[in-house]
Amino acid sequence: MPATRRLFFAIDVPENIQQQLVDWRALHFAADTGRPVTAANLHMTLAFLGEVSAQKQQALSALAERIQQPGFTLTLDDAGHWPRSRVVWLGPKSTPRGLLQLASMLRSQAARSGCAQIPQPFHPHITLYRQTCHSVRLPPPGFRWQWQVNEFVLYESLFERGRTRYRPLARWPLGQSS
Ligand code: 3AM
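Small disclaimer: the values here were computed from a predicted structure and weren't measured. (Residues numbered from 1 in each chain as written. Predicted model: local features only at pLDDT ≥ 70, side-chain atom pairs only at ≥ 80, totals over all residues. Heavy atoms only, no water.)

Once that is clear, we can look at the site of the ligand. Residues in close proximity to the ligand total 11 residues, the closest being Thr45, Phe48, His125, Thr127 and Arg130. Note that a nitrogen atom of the ligand is positioned 3.4 Å from one of the side-chain N or O atoms of Arg6. His125 is positioned with one of its side-chain polar atoms (N or O) 2.8 Å from an oxygen atom of the ligand. Listing elements by their share of the shell around the ligand, those giving two or more residues are β1 (4-12), β3 (43-53) and β7 (126-130). A total of 3 residues in the shell around the ligand trace back to one element, the largest contributor, which is β3. For the shell around the ligand, the per-class residue count stands at 4 nonpolar, 5 polar and 2 charged. (Near = heavy atom within 4 Å. Polar contact = N/O pair within 3.5 Å; in protein donor to acceptor, adjacent residues only side chain to side chain. Helix = DSSP H or I, 4+ residues; strand = E, 2+ residues; numbered from the N terminus. Nonpolar A, V, L, I, M, F, W, Y, C, P; charged D, E, K, R; others polar.)

Dropping the structure here:
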C-alpha cells in the first residue's frame, strides 16, 4: 500500500448523464478546445485533500460518516472558461444550499485535519476540458441537465500509463431532500 494517496471528495455524475455530456461536448466545442476529460472522470470536486496518509484518510472518513445533510437537486445550466487554470466547465447558475453546506463542511474538516488547502472560494463546477487553448467559443445557452444528488464520494486520483483515473474509495449517503 502506498504511504500516501492523492484524495478528494466529490459528487459523481450518473452514467447516463456522463454520456449525454460527452455527446453534447463533441457537438458544441471545437476539436482544438483542449484535453477532454473522459466520461468516467467527470465529477464535481467538493474538497481537494492532497496527499493523505492512511491514518488521515481514516480520520477524514470517520468525520465524513458523521455528516448529516439533506440531498439536493443539481442543475447544470451554465458553462464557462477559466483561462488562468485553462479549464472549460459546466455548473449550476444557482448553487443549491445543500451543495454549499456539504462542500463547506468537507473543506473545513480537511483544513482542521491539516490538509493543505488552497484558500480559494468554492465554485461548483464539472471540468469538461483541461489545458484549453487561449480562446474558447462557448456553446449558446439553453442546455440543462438535472439530477438528484443522494451521496458523496471519496476518490483517489491515480496516474497510470500516462492517464489520470479517479477511483472511488467510499461513498456516504445524504438524507431526504428538505
Ligand atoms: O476537476 P476539478 O477542477 O474539479 O483541479 C483538480 C481537480 O478539480 C483539483 O482536484 C480535483 C481532482 O484532481 N486539484 C488538484 N490539485 C489541487 C490543489 N492543489 C486541486 N484543488 C485545490 N488545490
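Having put the structure on the table, let's press on.
Here the focus is the pairing of strand β5 (residues 78-82). Across 5 bridges, the pairing between β5 and strand β6 (residues 87-91) is antiparallel. Following the sheet pairing, Ala79 is matched in β6 by Leu90. In sequence, β5 turns back onto β6 through a hairpin of 4 residues, with Arg86 there showing a positive phi of about 60°. (Pairing = 2+ DSSP bridges.)

Let us look at the nonpolar core. Looking at soluble globular proteins, one finds that nonpolar side chains tend to be buried together. Ranked by size, the top nonpolar core spans 44 residues in total, and within it Phe9, Leu46, Leu49, Leu90 and Phe152 carry the most contacts. Leave out the neighbours within four places in its chain, and Leu46 touches Phe9, Ala10, Ile11, Leu99, Leu102, Ala103, Leu106, Arg107, Phe122 and Phe152. Counting 5 residues, the second-largest nonpolar core is a separate cluster that includes Phe8, Val153, Tyr155 and Tyr166. (Core = buried A, V, L, I, M, F, W, Y, C linked by side-chain atoms within 4.5 Å. Buried < 20%, exposed > 50% of the residue type's maximum accessible area, 1.4 Å probe, protein only. Contact = heavy atoms within 4.5 Å.)

Attention now goes to the environment of Pro36. Mapped onto the fold, Pro36 is located in strand β2 (residues 35-36). Remark: the alpha-carbon pair of Pro36 and Thr132, spanning 96 residues in sequence, is separated by 9.1 Å. Aside from chain neighbours lying at most four places away, what touches Pro36 is Arg25, Leu128 and Tyr129.

Everything listed is a geometric property; what it means functionally is a separate question.
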